[in-house]
Amino acid sequence: MTKQNQRTGVLVAVLIVCAISARVLGKFDVFPVPLGLVRTILYISLYIGWGLSVSHRILQTQVRRYMVGVSCLTVFWFVIRSIKYFFVVAPDAIRHLWYWYYCPMLFIPLLSVFVSMSLGKPESYHLPKWTRLLYLPTLFFLLLVLTNDLHQLVFSFPTGTVRSDTDNGYEYGYYFVIGWEIICALAAFVIMLIKCRLAQRRKYLPALLLSCSILYAFIYASGARWMQVIGGDITAVQCLMFTAILESCIQCGLIQTNTGYDELFKAGTFGAQIADHDHKVRYASANSPVLSEQIMCTAEAGAVNLDKHTLLKSYPIEGGHVYWQEDITDITILLKKLEENKETIAESNHLEQENYRIKLEIHTLREKNRLYDLLQEETAHQIDLLNDLFYLYDEEENPEKRRSLLAKITVIGAYIKRRGNLIFIREKTETIDTTELALCMEESFSNLKLMGVECEADIPKGSKIFTQDTILVYDFFEKVMETAIDDMSFVWLKARILADSIILRLEVECESSLADFRDTCESCSFEDGVWRFILRIGKAGGQT
């Protein structure tokens, strides 16, 4: 127990001894004046002190309220008894004060039932809602007693005499009231006895006190003079017994309290301690380290590493702070493994990056080789023609012929260059702008001009066409040029943009026959030495 509760226990024990001593000495007239009022004050002080102690110790909210209610009812009982015996002389007032005795007499057993039903339950436990129905008969019987003057169903008085508790009879309502009190008291005692079997320590206390209470009631009711002299008023003794039984349930552990911190911290192995606001340790476990004030202040701001395996934490509580240690060995080992894994993963990532880079280079080279192979395959005829022209150029000695061969070489080379560019574009996209076709024609025409050929092209820009159609048009143009390159004098290309297609008109003036190209274009005609070809290609997304 805490020091505060130890002091409360000592105070309660002193008050009990004083009350019993006052009762015995008053019976034997040791003092020249009655000590009844002093004894009542001692009893009231006893129950007030016990109620305050309970309000600080009990954790269960409902149990705390019920036990404090028992304390208040007991104090109320002794207050009205004192007023009745020492301060009031009017018979009617005395009688009504006597009626009010039955308020604590009815509600103390009922609250004891509620307390007994909550014994051994967790802190958050609440009684079932049906238990509230027990208030109804209790309130009914209390009202029956308080209104006795109207019906006399509980107490009866002789006609023509002063109504008082010294000259009264008992009616059937009285037996209902007493019966309800006995039922509640017995129910509370039986439930307590059953719950005491589950207690882990001092389980004999409630049973022993209960046995003493029952034994005293039987002896007192038998009319034994010596028990009346020693025990005195049965109501005072039974109130004391009720309080003692409830207190014994606290000591047995059936009612949860917030006491025993010293024993808890001494027996604990969790490395915790509680310090006040001045950083003076009040409670400490067996294995808690000695902490300096500086470390405590630092821990209040955030967790502190006492060593590589121990972490000190703090949390504010009423009156100070609680400090506790956390073993972070597992966390430290885990962090170390994570660091090792991080290094391993970093090395692995580096290797993966190198592998990826090498694979990317290999893939790039493979793609380049594929495109080069594709270019060589689709321009194989022009490459062979270019090789033949280079051979003739090396063998030819006439400067004019060498110049003509060189011009042909540039024309074929420009086609191979632009044709390769179109292949690369085709690998990336299905459509291009007419600008790309215009650039191809312009470069080929610029090289034809070196041979003295008059060239002109008019291709509007800004329209989308399919890349493959562009290649077909350029291939058609190249085949025509290769056929007529030796005697060609004029080339003209005109493009007209329609809604869903593009019409290309190619005119070539030469002596060579170009009739073989009739089947590869939409129309072909020859007039006055000029070959005219019409080609039609679809716009990207349009109909051909």
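**Q** How do you make sense of the sheet that holds strand β5 (residues 304-307) when you look at a structure like this?
**A** The five strands are arranged β4-β3-β7-β6-β5 in an open sheet whose pairing can be described as antiparallel. Only two strands of the sheet have a single partner each, and these edge strands are β4 (281-284) and β5. In this sheet, neighbouring strand axes are inclined to one another by 25° on average, regardless of whether the strands run parallel or antiparallel. The sheet contact formed by β5 and strand β6 (residues 310-317) spans three bridges and is antiparallel. For Asp307, the partnering residue across the bridge sits in β6 and is Thr310.

**Q** What is the right way to look at the pairing of strand β14 (residues 530-538) in this model?
**A** The side chains of a regular strand alternate, first on one face of the sheet and then on the other. Taking burial as the measure, the nine residues of β14 include seven buried ones, the bulk of the element. Note: strand β12 (residues 501-509) against β14, nine bridges, orientation antiparallel. Bridged to Glu507 within β14 is Arg532. Looking at chain direction, strand β13 (residues 523-527) and β14 are connected through five bridges and run antiparallel. From the neighbouring strand, Phe526 faces β14, where its bridge partner is Trp531. In sequence, β13 turns back onto β14 through a hairpin of two residues, with Asp528 there showing a positive phi of about 55°.

**Q** What should I look at first to understand the sheet that holds strand β11 (residues 490-497) in this one?
**A** Within a sheet, adjacent strands bond to each other through the backbone by hydrogen bonds, running parallel or antiparallel. One open sheet holds the five strands; their spatial order is β9-β11-β12-β14-β13, and the pairing between them is mixed. Edge strands, defined here as strands with exactly one partner in the open sheet, are β9 (454-458) and β13. Direction aside, the axes of adjacent strands within the sheet are offset by 15° on average. Bridge analysis of β9 against β11 gives five bridges, and the strand direction is parallel. Counted as the bridge partner of Ala457 is Leu493 from β11. The strands that helix α17 (residues 434-448) touches are β9, β11 and β12; relative to β9, the one it contacts most, it runs at about 170°.

**Q** Whenever I open this one, helix α6 (residues 135-146) confuses me. Can you help?
**A** The periodicity of an α-helix, 3.6 residues per turn, causes residues three or four places apart in sequence to face the same way. The terminal C-alpha atoms of α6, which comprises 12 residues, lie 16 Å apart, in line with the 16 Å expected from a rise of 1.5 Å per residue. Those residues of α6 that sit buried are Thr138, Phe141, Leu142, Leu144 and Val145. Burial along α6 is one-sided: seen end-on, the buried residues are contained in an arc of 155°. For α6, exposure combined with an orientation more than 90 degrees from the buried face picks out Leu136, Phe140 and Leu143.

**Q** For this particular structure, what's the right way to read the nonpolar core?
**A** When a protein is soluble and globular, its nonpolar side chains tend to lie buried together. Ranked by internal contacts, the top residues of the largest apolar core, which has 59 residues, are Tyr47, Met67, Tyr102, Leu106 and Phe155. Going through the elements one at a time, α2 (36-57), α3 (61-87), α4 (91-99), α5 (102-117), α6, α8 (172-196) and α11 (234-252) are the ones with two or more residues in this core. Element by element, the count of residues in this core is highest for α5, at 12 residues. When sequence neighbours within four positions are dropped, the list of residues in contact with Leu106 reads Thr138, Phe141, Leu142, Val177, Trp180 and Glu181. Within the second largest apolar cluster, 47 residues are counted, among which are Ala438, Tyr474, Leu504 and Cys524.

**Q** What exactly am I supposed to notice about unusual backbone geometry here?
**A** Note: most residues except glycine have negative phi, and most peptide bonds are trans. At Gln152, a residue that is not glycine, the phi angle is positive and equals roughly 50°. Accessibility expressed as a relative area gives 22% for Gln152, which makes it partly exposed. The phi torsion at Asp528 lies on the positive side, around 55°, for a residue other than glycine. Since its relative accessible area comes to 72%, Asp528 is described here as exposed.

**Q** Can you help me understand the environment of Met192 in this one?
**A** As for its position among the elements, Met192 is in helix α8. For the pair Met192 and Ser116, spaced 76 residues apart in sequence, the C-alpha separation works out to 5.5 Å.

**Q** Got a minute to help me understand the pattern of salt bridges in this structure?
**A** Side chains that differ in charge, positive against negative, can pair when their charged atoms come close. With the rule as written, the count across this model stands at 14 salt bridges. Salt-bridge contacts for Arg505 lead to Glu507; the nearest nitrogen and oxygen are separated by 3.0 Å. Salt bridges here are not isolated pairs; linked through shared partners, they connect Lys417, Arg418, Glu436 and Glu443.

**Q** I tried to follow the side chain of His321 on my own but got confused; where do I start?
**A** When you line up the elements, His321 lands in strand β7 (residues 320-327). Given a relative accessible area of 15%, His321 falls into the buried group. The residues contacting His321, other than those within four sequence positions of it, are Gln273, Ile274, Ala275, Glu300, Ser314, Tyr315 and Pro316.

Reading guide: rules and limits
- Residues numbered from 1 in each chain as written.
- Predicted model: local features only at pLDDT ≥ 70, side-chain atom pairs only at ≥ 80, totals over all residues.
- Heavy atoms only, no water.
- Pairing = 2+ DSSP bridges.
- Helix = DSSP H or I, 4+ residues; strand = E, 2+ residues; numbered from the N terminus.
- Axes fitted to C-alpha atoms, helices over the stretch in contact; angles between N-to-C directions.
- Buried < 20%, exposed > 50% of the residue type's maximum accessible area, 1.4 Å probe, protein only.
- Contact = heavy atoms within 4.5 Å.
- Expected span 1.5 Å × (residues − 1).
- Arc of directions from axis to C-beta.
- Core = buried A, V, L, I, M, F, W, Y, C linked by side-chain atoms within 4.5 Å.
- Salt bridge = Lys/Arg side-chain N within 4 Å of Asp/Glu carboxyl O.

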